[in-house]
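# Chains, contacts and geometry: an overview
Listed below are the residues making up each chain.
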Amino acid sequence: MSADGGSGGFDPLDFAIVEPRTFEQLRIGEVFRAPSRTLTDAHASAFQAVSADNHPVHYDAVWAAAHGHSAPVVHGLQVLAFTAPGATLFPQVIGEVFIAFTGLSARFLGEVHAGDTLYSQLEITGLAPEGANGVVTAAVTVHNQRSELVLAGEHTYLLRRTPEAEPPR
């Protein structure tokens, strides 16, 4: 037996959570969901420190109430971070063909406060071959525990295509 506990060599790809797929194996309409997460005051405070966004709407309950908010509002960019593809199985599904996260857009549709539980997902809405690569477009959404859509947007990713799938030149 070898030092790695087996009879052969160690291969990290043997530890894949799901069977990796190619660009050509992806399908429009596939959905990748992240586990729900409940935001706390500590999360909001940590994001405030990282972002350096010190607007009182994010931390001052008195200021927030005086300006029509029921509580301090979680930073929009923190809510956007809930759409990170790595929170889902998508990066494991695409395995070694990932090249880059190339773009995003977002609309902030509702306030999020500490104590809210968020549910995010991405859904493949476009698959566009471009030579040796392919562009994946995904609609991203974040809902809260009251089934309210608080963020909607779009991501684009660049993936390497399978060489035999390229059209002849």
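I will try to describe carefully the structure that is included in this document. (Residues numbered from 1 in each chain as written. Predicted model: local features only at pLDDT ≥ 70, side-chain atom pairs only at ≥ 80, totals over all residues. Heavy atoms only, no water.)

## Observations regarding the pattern of salt bridges
The following threshold applies: By salt bridge we mean one thing: a side-chain nitrogen of Lys or Arg within 4 Å of a carboxyl oxygen of Asp or Glu. Each helix is a run of H or I in the DSSP string that is no shorter than four residues. Each strand is a run of E no shorter than two, and both are numbered from the N terminus.
Counting across every chain of the model gives four salt bridges. A salt bridge links arginine 21 to glutamate 30, with the nearest nitrogen and oxygen atoms 2.6 Å apart. A salt bridge links glutamate 24 to arginine 161, with the nearest nitrogen and oxygen atoms 3.4 Å apart. Here glutamate 24, found in the segment before strand S1 (31-33), pairs with arginine 161, found in the segment after strand S6 (149-160); they are 137 residues apart in sequence, far enough to count as distant.

## What about the side chain of threonine 117?
Definition in use: A simple rule labels every residue: compare its accessible area, found with a 1.4 Å probe on the protein chains alone, to the largest value its type can have, and call it buried under 20%, exposed over 50%, or partly exposed in between. Counted as a polar contact is a pair of N or O atoms within 3.5 Å, where, for protein atoms, one must be capable of donating a hydrogen and the other of accepting one, and residues adjacent in sequence contribute only when both atoms are in side chains.
Looking at the element boundaries, threonine 117 is found in strand S4 (residues 117-130). Classification of threonine 117 as buried rests on a relative accessible area of 14%. At a separation of 2.6 Å, a polar atom in the side chain of threonine 117 contacts the side chain of threonine 38.

## Comments concerning the pairing of S6
Put simply, the rule reads: Strands are treated as partners if at least two bridges between them are detected by DSSP.
Within S6, nine of the 12 residues are buried, which leaves it mostly tucked inside the rest of the structure. Bridge count for strand S3 (residues 98-108) against S6 is nine bridges, and the pairing is antiparallel. Bridged to leucine 104 within S6 is histidine 155. The pairing of strand S5 (residues 133-144) with S6 spans 11 bridges and is classified as antiparallel. Within S6, the position partnered with glycine 134 by the bridge is leucine 159.

## Focus on the pairing of S5
Among the 12 residues of S5, nine are classified as buried, and the element is accordingly described as predominantly covered. Relative to S5, S4 runs antiparallel, the two being bridged by 12 bridges. Within the sheet, the bridge partner assigned to leucine 118 lies in S5 and is asparagine 144. Counting the residues that bridge the hairpin from S4 to S5 gives two residues, and of these glycine 131 lies at a positive phi of roughly 65 degrees.

## Some thoughts on the environment of serine 147
Here serine 147 lies in the loop between S5 and S6. Considered as a pair, serine 147 and tyrosine 119 are 28 residues apart in the sequence and their alpha carbons are 8.9 Å apart.

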